[in-house]
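Remarks on the overall topology
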Amino acid sequence: MRVPLIALLVASTPATAQLRPTPAPGIAPVAKSAYMSTIALPAPAPGWSVAPPMSQTEWRQGDPADSLYKAARNALSREQYRAAVDLFREVRSRYPRSAYVPDSYYYEAFALYRTGSNADLRQAASLLGTQGRKYPRAATSGDARALQARIDATLAQKGDAAAAERVAETAAAAAVPRAAPAAMPAPLPPMGPMTAPPMAPLPPTVSRSSRTTRPPAAPRAPRAPRGDDCADEEDDVQVAALNGLMQMDAAKATPILQKVLARRDSGSACLRRKAVFLVAQQETAGAENILLNVARTDPDPEVRAQAVFWLSQVNSPTAVAALDSILRSSKDPELQEKALFALSQQDAPKATQALRAYAAQESAPEEMREKAVFWLGQRGDTSSIGFLRTLYGRTTNAELKERILFAVAQSDNATGQAWLLEVAQNPKESIEARKQALFWAAQNGASVASLSRIYGQLQDAELKEQLIFALGQSNDPAAVTKLLEIARTDPDKEMRKRAIFWLGQSNDPRAAQALESILTGTR
């Protein structure tokens, strides 16, 4: 079973709006619940849909323009751009000394940018220029530079030669390493004795053997660079320019992106992470080779993880072979996890073979094998279910057996569901495994008729309790019929009590009538 890929939300700098990338055609499906994290990367213009809401720290209580400025920001947030333009201009004309004036230029320019006409774009650029000259230290000055790059990119796509030249120059600058900052003096050692020795880390309190049954943690999408190390205004400007250049001329942008990805200077890691995304949007064989090189050679683990993730969207023998190699040879568990996911998204038979080989590899880390099993279950085809059944019979690892039962249950495969009921009835299996199989079979569509038929064949009390619980969770009237039968005729008093309890949770009128007859001693 493979569920559709959700659009990955893209967050820009703190003062700017969220951006959404347009996925390349043919992006493979991803388990939805595993991919809610965001990636801080640019989107094709016009990517900014709305301005961020006004934060409490922006308020200037007592400022004469306070109410008017808030109204302007509210209009902007509601995408009422013309009204917002008029209100921001009114702030400056009525209250020229207001503390809101410096940022009003940026937000008016933003509103004009969103309307999209050539005249409005040029007016927006003029406002940003005025802000830069009059208020170079405005709170939105960094965002203004990124917005200017986007405006240039949009104008360039509409044939503005001067804007195109500015975009190309800014994009080219991204390939040049920045000068290293001046060295800081070494910190002085602490004076005086320590007040207390450092505490030793506490040992973990939960063992793997005590885990409850749950799906193995699915691989995460590469996360956005967070923290001050990635809050770089220059990066945002250059990435916006690179993105604009790609929209105009991908052939010209690709060599620059390669130079960006070749940078190894301090502070370029965040820019390289964003460059990987831009490369991944290209539908060319060259993009695949660039991603492969980054996945193998970049010194930053997050950059490598980004490259491996986007390789999941490349269906080619070269990509499969590279991902298999990363999976088997990498010493980085997170990178291996991304490689497993990427292989799971490939349609090639060799990708499936790689997943199966790794799942069956006894020497591989247990958690990685569990994830391989999980993704094989997500495929849902009869061949993969057959492999998991065979692996279940061969392994003696109880944790892996549990994960196989879960993976098969998630497959929505009829053959797999029938096999779960077979495991539940097999006296050679452990009680715990049989309970797990029974639970997952009931949770994933086993019919009440099949569960009722099994009840009479079970000898162990724990299994009977598990099945009664499963019947109690069903909305099928046939489940109430079976519970009534158990409550009235089962020779085991404990089973009758449990059936009565679950009948008490039912809204079926037959349940209420039966409970009344049991209480009064009538039939």
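Bear in mind the structure is a predicted one, so any value in this text is a computation, not a measurement.

On to the overall build of the protein chain. A tally of regular secondary structure across the protein chain gives 24 helices and two strands. Across the 523 residues of the protein chain, 50% fall into the buried class. Intrachain contacts of the protein chain at a sequence separation of at least 6 include 68% that bridge at least 24 residues. Only carbon and sulfur atoms are counted for the fraction: they give 55% of the accessible area of the protein chain, which is about 25700 Å².

Another aspect to go through is the packing of helix 20 (residues 448–455) against helix 21 (residues 461–473). Two elements in contact, helix 20 and helix 21, have axes separated by 10 Å at closest approach and are oriented at 155°. By the criterion of interaxial angle, the relationship of helix 20 to helix 21 is roughly antiparallel. Here helix 20 and helix 21 pass one another in a crossing that is left-handed. Where helix 20 approaches helix 21, its residues Val448, Leu451, Ser452, Ile454 and Tyr455 are matched on the opposing element by Lys464, Leu467, Ile468, Ala470 and Leu471. Residues of the contact of helix 20 with helix 21, tallied by class, amount to eight nonpolar, one polar and one charged.

The next thing to look at is the pattern of salt bridges. Within this structure, the stated rule accounts for 20 salt bridges. A salt bridge links Arg273 to Asp300, with the nearest nitrogen and oxygen atoms 3.2 Å apart. Remark: Asp300 occurs in the loop between helix 10 (285–297) and helix 11 (301–311) and Arg273 occurs in helix 9 (residues 269–280); sequence separation between them is 27 residues. Exposure remark for Arg273: the relative accessible area of 12% places this residue in the buried category. Of the residues examined, Asp300 reaches a relative accessible area of 14% and is grouped as buried. Between Arg403 and Glu402 there is a salt bridge, and its shortest N-O distance comes to 3.7 Å. Ionic contacts of the salt-bridge type, sharing partners, join the residues Arg89, Arg92 and Glu108 into one network.

One finds Ile404 and Leu420 to be the most contacted residues of the largest nonpolar core, which totals 105 residues. Beyond its immediate chain neighbours, meaning those up to four positions away, Ile404 contacts Val373, Leu388, Leu391, Tyr392 and Trp419. Counting 32 residues, the second-largest nonpolar core is a separate cluster that includes Leu68, Phe110, Leu121 and Ile151.

Our focus in this paragraph is the packing of helix 15 (residues 366–379) against helix 16 (residues 382–394). A pair of packed helices is captured by two measures, namely the crossing angle of their axes and the spacing between those axes. Relative orientation of the contacting elements helix 15 and helix 16 amounts to 145°, with a least axis distance of 8 Å. Residue-level contacts link Arg369, Val373, Leu376, Gly377 and Arg379 of helix 15 to Ser384, Phe387, Leu388 and Leu391 of helix 16. In the contact of helix 15 with helix 16, the residues fall into five nonpolar, two polar and two charged.

A separate point is helix 8 (residues 250–262). Think of an α-helix as 3.6 residues a turn; residues three or four steps apart then line up on the same face. With 13 residues, helix 8 should cover 18 Å at 1.5 Å per step; its first-to-last C-alpha distance of 18 Å lies within 8% of that length. Every buried residue of helix 8 is listed here: Ala253, Thr254, Ile256, Leu257, Val260 and Leu261.

We now examine helix 6 (residues 161–173). With 13 residues, helix 6 extends 19 Å between its outermost C-alpha atoms, agreeing within 8% with the 18 Å of an ideal straight helix rising 1.5 Å per residue. Looking only at helix 6, the buried set comprises Ala163, Val167 and Ala171. All buried residues of helix 6 fall inside an arc of 70° around its axis, so they share one side. Away from the buried face of helix 6 by more than 90 degrees, exposed residues Ala161 and Glu169 are located.

In this section: the packing of aromatic side chains. When we look at a pair of aromatic rings, we describe it by the centre distance and by the angle of the planes. Under the criterion given, the structure shown has 17 aromatic pairs. Relative to Tyr107, the ring of Tyr106 has its centre 4.9 Å away and its plane inclined at 75°; by these criteria the two rings are edge-to-face. On the accessibility criterion, Tyr106 (2% relative accessible area) is buried. Judged by its relative accessible area of 3%, Tyr107 falls in the buried class. Ring centres of Tyr106 and Phe110 lie 6.5 Å apart, and the angle between their planes is 45°; on these two criteria the pair is classed as tilted. Placement of both Tyr106 and Phe110 in helix 3 (residues 101–115) is noted, with a separation of four residues, approximately one turn of the helix. The exposure classification of Tyr106 matches that of Phe110, with both residues buried.

Moving on, we get to unusual backbone geometry. Phi is positive for Glu79, which is not a glycine, with a value near 65°. Residue classification places Glu79 among the partly exposed residues on the basis of a relative accessible area of 44%.

Another aspect to go through is the environment of Gly116. Tracing the chain through its elements places Gly116 in the loop between helix 3 and helix 4 (118–134). The exposure class assigned to Gly116 is partly exposed, which follows from its relative accessible area of 23%. The sequence separation of Gly116 and Ile151 amounts to 35 residues, and the corresponding C-alpha distance is 9.2 Å. Setting aside chain neighbours within four positions, we find Gly116 in contact with Leu121 and Lys158.

Chain-level pLDDT for the protein chain is 77 on average; 77% of the residues reach the 70-or-more range. Taken as a whole, residues 1–49 scores under 50 in pLDDT and shows 151 contacts with residues more than four places along the chain or in a different chain. Counted against residues more than four places away or in other chains, residues 224–228, with its pLDDT under 50, gives eight contacts.

Topologically, Leu463 is positioned in helix 21. With 27 residues separating them in the primary sequence, Leu463 and Gln436 have C-alpha atoms 9.6 Å apart. In contact with Leu463, not counting residues within four places along its chain, are Ala424, Ile431, Arg434, Lys435, Leu438 and Leu458.

What follows deals with the side chain of Glu108. Topologically, Glu108 is positioned in helix 3. Within the structure, the side chain of Glu108 is placed 2.5 Å from the side chain of Arg92, a separation counted as a polar contact. In this structure, Glu108 is in contact with Val85, Phe88, Arg89, Arg92 and Leu127, ignoring residues within four places of it in sequence.

Calculation rules
- Residues numbered from 1 in each chain as written.
- Predicted model: local features only at pLDDT ≥ 70, side-chain atom pairs only at ≥ 80, totals over all residues.
- Heavy atoms only, no water.
- Helix = DSSP H or I, 4+ residues; strand = E, 2+ residues; numbered from the N terminus.
- Buried < 20%, exposed > 50% of the residue type's maximum accessible area, 1.4 Å probe, protein only.
- Contact = heavy atoms within 4.5 Å.
- Areas by Shrake-Rupley, 256 points an atom, 1.4 Å probe, with all protein chains shown as cover.
- Axes fitted to C-alpha atoms, helices over the stretch in contact; angles between N-to-C directions.
- Parallel < 35°, antiparallel > 145°, perpendicular 65-115°, else oblique.
- Left-handed = near helix turned anticlockwise from the far one by under 90°.
- Nonpolar A, V, L, I, M, F, W, Y, C, P; charged D, E, K, R; others polar.
- Salt bridge = Lys/Arg side-chain N within 4 Å of Asp/Glu carboxyl O.
- Core = buried A, V, L, I, M, F, W, Y, C linked by side-chain atoms within 4.5 Å.
- Expected span 1.5 Å × (residues − 1).
- Arc of directions from axis to C-beta.
- Phe/Tyr/Trp six-rings, centres within 6.5 Å; stacked < 30°, edge-to-face > 60°.
- pLDDT = per-residue confidence, 0-100.
- Polar contact = N/O pair within 3.5 Å; in protein donor to acceptor, adjacent residues only side chain to side chain.

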